[in-house]
Amino acid sequence: QVQLKESGGGLVQAGGSLRLSCVASGRTFSNYAVGWFRQAPGREREFVATINWSSSFTNYADSVKGRFTISRDNAKNTVYLQMNTLKPEDTAVYYCNPVIGTTPMWRSWGQGTQVTVSS
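Every value quoted in this text rests on a predicted model; they were computed, and no experiment measured them.

## Section: the packing of aromatic side chains
Logical step 1: On inspection of all chains with the given rule, the structure shows 5 aromatic pairs.
Logical step 2: Between F37 and F47 the ring centres are 6.4 Å apart and the planes differ by 70°, which places this aromatic pair in the edge-to-face class. Of this pair, F37 sits in strand β4 (residues 33-39) while F47 sits in strand β5 (residues 46-51); the two residues are 10 residues apart in sequence, bridging distant segments of the chain.
Logical step 3: For F37, a relative accessible area of 4% puts it in the buried group.
Logical step 4: Ring pairs connect the aromatic residues F37, F47, Y95 and W109, which therefore count as one cluster.

Below you can see the structure in the form of structure tokens.
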């Protein structure tokens, strides 16, 4: 059974940084592009960033470009999201999932990790 587990969220002041991690168990995603998504209260889940299997290509939503960096360690079956210069509008639950383009591939999602940015 595939499980995705996100971690690293927390409460931070505006301008601060956090590093999120996403680990897959039960199935490797080293051969897949992987994306980060987020969902704020009352809003639909939205794309944040993706990285291809070899780390040679990354893509970011305009709202996070220049502030967030996605990376991966295939040996650890882990994908990271370094978030700098955080803003209150980055407050959301963050999720990961393998992707095609910016479309999530797997039906199952992890529980996500809460990021709260105070002003």
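## A few points about the pattern of salt bridges
Side-chain pairing between opposite charges can occur once the charged atoms of the two side chains come close.
Logical step 1: The tally for this structure, following the rule as stated, stands at 4 salt bridges.
Logical step 2: Between K65 and D62 there is a salt bridge, with its nearest N and O atoms 3.1 Å apart.
Logical step 3: Of the residues examined, D62 reaches a relative accessible area of 66% and is grouped as exposed.
Logical step 4: In the salt-bridge network here, residues are joined through shared partners; they are R38, E46, R67 and D90.

## A closer look at the pairing of strand β8 (residues 78-83)
Logical step 1: Counting buried positions over the 6 residues of β8 gives 5, a clear majority of the element.
Logical step 2: Two strands pair when backbone bridges link them, and strand β3 (residues 18-25) and β8 are joined in this way by 6 bridges, in the antiparallel orientation. Looking across to β8, one finds that C22 is bridged to V79.
Logical step 3: With 6 bridges joining them, strand β7 (residues 68-73) and β8 adopt antiparallel strand pairing. If you follow F68 over to β8, its bridge partner there is M83.

The rules behind each value
- Residues numbered from 1 in each chain as written.
- Predicted model: local features only at pLDDT ≥ 70, side-chain atom pairs only at ≥ 80, totals over all residues.
- Heavy atoms only, no water.
- Phe/Tyr/Trp six-rings, centres within 6.5 Å; stacked < 30°, edge-to-face > 60°.
- Helix = DSSP H or I, 4+ residues; strand = E, 2+ residues; numbered from the N terminus.
- Buried < 20%, exposed > 50% of the residue type's maximum accessible area, 1.4 Å probe, protein only.
- Salt bridge = Lys/Arg side-chain N within 4 Å of Asp/Glu carboxyl O.
- Pairing = 2+ DSSP bridges.

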